Amino acid sequence: MPWLEYREGRSDYSLRPSPRLFCSHLTPTLLPRGLREGKGKVVYVMRNPKDVAVSYYHFSQAWSKLETPHSFQDFLDKYLEGKVGGSSWFDHVRAWYSSRGLFHILFLTYEEMVQDLHGAVQKLCSFLGRQLDSASLDRVVDRATFCNMKADPRANYEFLPADLLLREHGHFLRKGTTGDWKNSFTVAQSESFDSVFQERMRGLPLEFIWDINKQPE
């Protein structure tokens, strides 16, 4: 699935057969105007920001176009200030939730998928207006497990050149666990993060799962 914001070397996206599927990290204001006119559907996937911070920290060491952090503390400071690629997690989530009335949009969390992937796929099918028989649904769920995606060279972006994804420092998909942030955050860092989270997310009725006693399948 191509990324909407990375067009280099790709043919005209408008020529792709319907339904056209894209990934994106863009904010609402940067997306094609047609999406705000009901000409498409958006699936917005969120993950708890502590696990995002740890994942991004490790990814920054493997992705050659990103600044390599001096330490986790150094990265965490920049992450909380929005001085990382993609800017602020808090601003991104708030922008999309605040703009939800302009789009035909479904909000999902990564943690929902870890807890009940079958249910999440059913919810996605309903949103997209696609009815699958039980055998087809089971195949989608099986291929969408973290373990199977990590083993899939396409899903794990193994086709990327070695000078872009430095595999000696990591891969595109790492652990996929919920609550792995506890292995990187100190108590003080966690408390400081919680304070920023409460301030920046005030007024948004969104709930996040910070730990699951279950490994991704």
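Right above here is the structure, for reference.
Quick look at the structure, then.

Here is what the cut-offs are and how they apply
- Residues numbered from 1 in each chain as written.
- Predicted model: local features only at pLDDT ≥ 70, side-chain atom pairs only at ≥ 80, totals over all residues.
- Heavy atoms only, no water.
- Axes fitted to C-alpha atoms, helices over the stretch in contact; angles between N-to-C directions.
- Helix = DSSP H or I, 4+ residues; strand = E, 2+ residues; numbered from the N terminus.
- Parallel < 35°, antiparallel > 145°, perpendicular 65-115°, else oblique.
- Left-handed = near helix turned anticlockwise from the far one by under 90°.
- Contact = heavy atoms within 4.5 Å.
- Nonpolar A, V, L, I, M, F, W, Y, C, P; charged D, E, K, R; others polar.
- Buried < 20%, exposed > 50% of the residue type's maximum accessible area, 1.4 Å probe, protein only.
- Pairing = 2+ DSSP bridges.

1. Quick look at the packing of helix H1 (residues 49-62) against helix H2 (residues 72-81)
What describes two packed helices is the angle between their axes and the distance between those same axes. Closest axis-to-axis distance for the H1/H2 pair is 10 Å, and the angle between their directions is 120 degrees. It follows that H1 is oblique to H2 by the angle criterion. Of the two possible hands of crossing, H1 and H2 adopt the one that is right-handed. Residues Pro49, Val52, Ala53, Val54, Tyr56, Tyr57 and Ser60 of H1 form the contact with H2, whose participating residues are Phe72, Phe75, Leu76 and Tyr79. Partitioning the contact of H1 with H2 into residue classes produces ten nonpolar, one polar and no charged.

2. Quick look at the pairing of strand E1 (residues 42-46)
Burial along E1 is one-sided: Val42, Tyr44 and Met46 are buried, and none of Val43 and Val45, which face the opposite way, are. Sheet analysis places E1 next to strand E2 (residues 105-109), joined by five bridges and oriented parallel. Residue pairing for E2: valine 43 is matched across the bridge by leucine 106.

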